[in-house]
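Spelled out, the chains give:
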Amino acid sequence: QIDLGEGWAGSLHVPVVGALKILAFVGFLKLGIMKDSVNGAVPGEFIGDFRNGVFDFGWDTFKKETKLSKGGIELNNGHTAMMGILGLVVHEQLGSCVPIVGEL
């Protein structure tokens, strides 16, 4: 087991082969699965509609009001997750000395 470190510092220690595997996997998802109308898929109902026909969770059976509600909930959850990640990144960059609390 290799200790890569934590955070940004740890990302610099990922072996080249590992980074290439990650890049290849993301490329495969982008080019093969996560297609939108710009990449040749059938145009979706809305911008960012990446449904590809493989998974069907019943989206087409919902009423318009339900779709709008679920879309708003998804956006709010995404914004909350982004703020949480931003908080973690800022906390990491602050180090162990927080202005109000002091040394941790």
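Cut-off values and rules
Residues numbered from 1 in each chain as written. Predicted model: local features only at pLDDT ≥ 70, side-chain atom pairs only at ≥ 80, totals over all residues. Heavy atoms only, no water. Helix = DSSP H or I, 4+ residues; strand = E, 2+ residues; numbered from the N terminus. Buried < 20%, exposed > 50% of the residue type's maximum accessible area, 1.4 Å probe, protein only. Contact = heavy atoms within 4.5 Å. Areas by Shrake-Rupley, 256 points an atom, 1.4 Å probe, with all protein chains shown as cover. Patch = residues over 30% accessible without salt bridge, like charges linked within 9 Å, V, L, I, M, F, W, Y side chains within 5 Å. Salt bridge = Lys/Arg side-chain N within 4 Å of Asp/Glu carboxyl O. pLDDT = per-residue confidence, 0-100. Phe/Tyr/Trp six-rings, centres within 6.5 Å; stacked < 30°, edge-to-face > 60°. Lys NZ or Arg CZ within 6 Å of the ring centre and 35° of its normal.

(A) Looking closely at the overall build of the chain. Summing up its helical and strand segments, the chain has three helices and two strands in all. For the chain, the N- to C-terminal ordering of α and β elements is α-α-α-β-β. Across the 104 residues in the chain, those meeting the buried criterion constitute 7%. Considering only residue pairs separated by 6 or more positions, the chain has 15% of its internal contacts joining residues 24 or more positions apart. Counting every atom, the chain has about 9,200 Å² of accessible surface; 68% of that belongs to carbon and sulfur.

(B) Highlighting a nonpolar patch on the surface. Among the surface-exposed residues, Ile-22, Phe-25, Val-26, Phe-28, Ile-33 and Met-34 lie close enough to one another that they form a single nonpolar patch of about 560 Å² accessible area. By the element assignment, Ile-33 lies in helix α2 (residues 16-33). Overall, Ile-33 belongs to the partly exposed group, its relative accessible area being 31%.

(C) A look at the confidence of the model for the chain. Overall, the prediction assigns the chain a mean pLDDT of 80, with 76% of residues at 70 or greater. Within the chain, the element-level pLDDT minimum falls on strand β1 (residues 97-98), averaging 65, and the maximum on α2, averaging 90.

(D) Structural context of the packing of aromatic side chains. Per the stated rule, a full pass over the model turns up one aromatic pair. Both rings, one in Trp-59 and one in Phe-62, keep their centres 6.0 Å apart while their planes meet at 85°; by these two values the pair is edge-to-face. Lying across the ring of Phe-62, Lys-70 places its NZ or CZ 5.2 Å from the centre.

(E) Representation of the environment of His-13 within the structure. Following the sequence through the fold, His-13 ends up in the loop between α1 (7-11) and α2. Using a relative accessible area of 53% as the deciding quantity, one classes His-13 as exposed. Sequence spacing of His-13 and Ile-2 is eleven residues, and the spatial spacing of their C-alpha atoms is 9.9 Å.

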